[in-house]
Amino acid sequence: MRIENSLIWATKELKDSCSRPRFEAELLLAYYLKKDRVYLHTHSRDKIEDFRKFKSLIKRRAEFEPYEYIVNRVSFYDIELYIDMGVLIPRPETEILIDLVTDIIKREKITSIAEIGVGSGAISILLARKFPNLKVIATDISNKAIEVASINIERFNLQDRVEVIKSNLLDEVSRDIELVVSNPPYIANGFKLEENIIRYEPKEALFGGVIGDELLKEIVLDIKRRDIRYLACEMGYDQKESMEQFFKQNEIKSYNFYQDLARFDRGFIIDFGVKFDKKDI
Ligand SMILES: C[S@@+](CC[C@H](N)C(=O)[O-])C[C@H]1O[C@@H](n2cnc3c(N)ncnc32)[C@H](O)[C@@H]1O
């Protein structure tokens, strides 16, 4: 089949699963041919070799599989990461968390941080690239996330400064840490999500408990207990009230909530304060 006809066919196939079917049809054909989208327009009368293979990509997308899993890559911030089924596709709103943590690392000259729930490695890699002296230890409970994060860390040649370990929260981390960053699962079990998410993205990356904020609260208490000064977390748009109440109950006084670009509550930063050794007082 010719390129122009393939695109007409693919656009129709994608009309129920994508908001921009023609655009995604072009993206997938450009990916399949290893060309850019302009090529499709300048070679619209060329025939596609082995049309069946292209058809199978379109069928996957028509079944709501995310584009990123089909092409095994995702754009995040200013980089492109490898991604695969079983690992959460990093979302643009998480870039705000990175910017806020960047400000703290700069201001406090922090050199050692941890990430809980590394996923694809997006947050840890971005921060390590911004700060050449920063050491990061990142945890996850998912073997697949550890595998994908390790691939990305190697691609960016960060093995010396970003370590990934299998651990529930920070249970297996013993080194001194100045700040913890996390985008943990925070959706309530059973919350109705879009087809492309619920059918394909890993449940352990999405659901945080019956109410949704259980893991967030566990993280807050864990960091408080460990005497780590800063905690920066992403959260759900409807969790500000319950988290604020929780902070008050636990005598956490210095915190700020932040919003995403759509003005939804999206996360918080806690400053647990400086701890002095008795000999310093
Ligand atoms: C929402 S995803 C975030 C992934 C990545 N940091 C990002 O922002 O794209 C949450 C991640 O936390 C991991 N996770 C869930 N429960 C965990 C736990 N108790 N300890 C460590 N990691 C956990 C999941 O496997 C998943 O990779």
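Because the structure is a prediction, the values reported are computed rather than measured. (Residues numbered from 1 in each chain as written. Predicted model: local features only at pLDDT ≥ 70, side-chain atom pairs only at ≥ 80, totals over all residues. Heavy atoms only, no water.)

## Let's talk about the overall build of the protein
Here's step 1: Looking only at helices and strands, the protein features twelve helices and eleven strands.
Here's step 2: A principal-axis box enclosing the C-alpha atoms of the protein has dimensions of 80 × 40 × 30 Å.
Here's step 3: The buried share of the protein, reckoned over its 281 residues, is 51%.
Here's step 4: Look at the contacts in the protein between residues 6 or more apart in sequence, and 64% of them connect residues 24 or more apart.
Here's step 5: Element-wise, carbon and sulfur atoms account for 48% of the exposed surface of the protein, whose accessible area totals about 14900 Å².
Here's step 6: Here the protein contributes 45 positive and 49 negative side-chain charges, whose respective centroids are spaced 4 Å apart. (Helix = DSSP H or I, 4+ residues; strand = E, 2+ residues; numbered from the N terminus. Buried < 20%, exposed > 50% of the residue type's maximum accessible area, 1.4 Å probe, protein only. Contact = heavy atoms within 4.5 Å. Areas by Shrake-Rupley, 256 points an atom, 1.4 Å probe, with all protein chains shown as cover. Lys, Arg positive; Asp, Glu negative; His and termini not counted. Charge placed at Lys NZ, Arg CZ, Asp CG, Glu CD.)

## Structural notes on the domain arrangement of the protein
Here's step 1: What the domain assignment reports for the protein is domain 1 (3–63) and domain 2 (76–80 + 86–280).
Here's step 2: One C-alpha centre belongs to domain 1, the other to domain 2, and the line joining them spans 37 Å. (Domains from an automatic or database assignment.)

## Overview of the sheet that holds strand S5 (residues 162–166)
Here's step 1: Pairing is mixed in the open sheet, where seven strands are placed in the order S5-S4-S3-S6-S9-S11-S10. The sheet is open, and its two edges are formed by S5 and strand S10 (255–259), each paired on a single side. Recorded for the sheet is a direction-independent mean angle of 15 degrees between the axes of neighbouring strands.
Here's step 2: Pairing of strand S6 (residues 179–182) with strand S9 (residues 230–234) involves four bridges; the strand directions are parallel. In the strand pairing of S9, Leu179 is matched with Tyr230.
Here's step 3: Seen against the sheet, helix H6 (residues 94–108) touches strand S3 (112–116), S6, S9, S10 and strand S11 (265–271) and runs at an angle of roughly 170 degrees to S9. (Pairing = 2+ DSSP bridges. Axes fitted to C-alpha atoms, helices over the stretch in contact; angles between N-to-C directions.)

## A word on a nonpolar patch on the surface
Here's step 1: A surface patch of nonpolar side chains, amounting to about 320 Å² of accessible area, comprises Phe191, Tyr237 and Phe264.
Here's step 2: Mapped onto the elements, Tyr237 comes out in the loop between S9 and helix H12 (240–249). (Patch = residues over 30% accessible without salt bridge, like charges linked within 9 Å, V, L, I, M, F, W, Y side chains within 5 Å. Salt bridge = Lys/Arg side-chain N within 4 Å of Asp/Glu carboxyl O.)

## Let's talk about the site of the ligand
Here's step 1: Near the ligand there are 21 residues, and of these Gly117, Asp140, Asn168, Leu169 and Asn183 occur at the shortest range.
Here's step 2: In the environment of the ligand, a nitrogen atom lies 3.4 Å from a nitrogen or oxygen atom belonging to the backbone of Val118.
Here's step 3: Between the ligand and Asn183, the relevant distance is 2.9 Å, taken from an oxygen atom to a side-chain nitrogen or oxygen of the residue.
Here's step 4: Summarising the interface, the protein chains cover 95% of the accessible area of the ligand, which totals 600 Å² for the free molecule.
Here's step 5: Taken together, the elements giving at least two residues each to the shell around the ligand come down to S3, strand S4 (135–140) and helix H10 (203–206).
Here's step 6: In the shell around the ligand, the residues fall into ten nonpolar, eight polar and three charged. (Near = heavy atom within 4 Å. Polar contact = N/O pair within 3.5 Å; in protein donor to acceptor, adjacent residues only side chain to side chain. Nonpolar A, V, L, I, M, F, W, Y, C, P; charged D, E, K, R; others polar.)

## Things to note about unusual backbone geometry
Here's step 1: The phi dihedral of Asn72 is positive, around 55 degrees, even though this residue is not glycine.
Here's step 2: As for its placement among the helices and strands, Asn72 is situated in the loop between helix H5 (67–71) and strand S1 (73–76).
Here's step 3: By relative accessible area, which is 27% here, Asn72 ends up partly exposed.
Here's step 4: A positive phi angle, close to 50 degrees, is found at Lys109, a residue other than glycine.
Here's step 5: Structurally, Lys109 is set in the loop between H6 and S3.
Here's step 6: Residue Lys109 is classed as exposed on the basis of its relative accessible area, which comes to 68%.

## A closer look at helix H7 (residues 122–130)
Here's step 1: By the criterion of burial, H7 is predominantly enclosed, with seven of the nine residues buried.
Here's step 2: Taken as a whole, H7 has its buried residues at Ala122, Ile123, Ser124, Ile125, Leu126, Leu127 and Ala128.

## Observations concerning the packing of H6 against H7
Here's step 1: For the pair H6 and H7, interaxial distance at closest approach is 10 Å and the crossing angle is 40 degrees. Relative to H7, the element H6 is oriented oblique. For the element pair H6 and H7, the recorded crossing hand is right-handed. The residues of H7 that touch H6, namely those facing Thr94, Leu97, Ile98, Asp99, Val101, Thr102 and Ile105, are Ala122, Ile123, Leu126, Leu127 and Lys130. (Parallel < 35°, antiparallel > 145°, perpendicular 65-115°, else oblique. Left-handed = near helix turned anticlockwise from the far one by under 90°.)

## Quick word on the side chain of Asp84
Here's step 1: With respect to the helices and strands, Asp84 occurs in the loop between strand S2 (79–82) and H6.
Here's step 2: Those residues in contact with Asp84 that lie beyond four places of it in its chain are Tyr69, Asn72, Lys144 and Val148.

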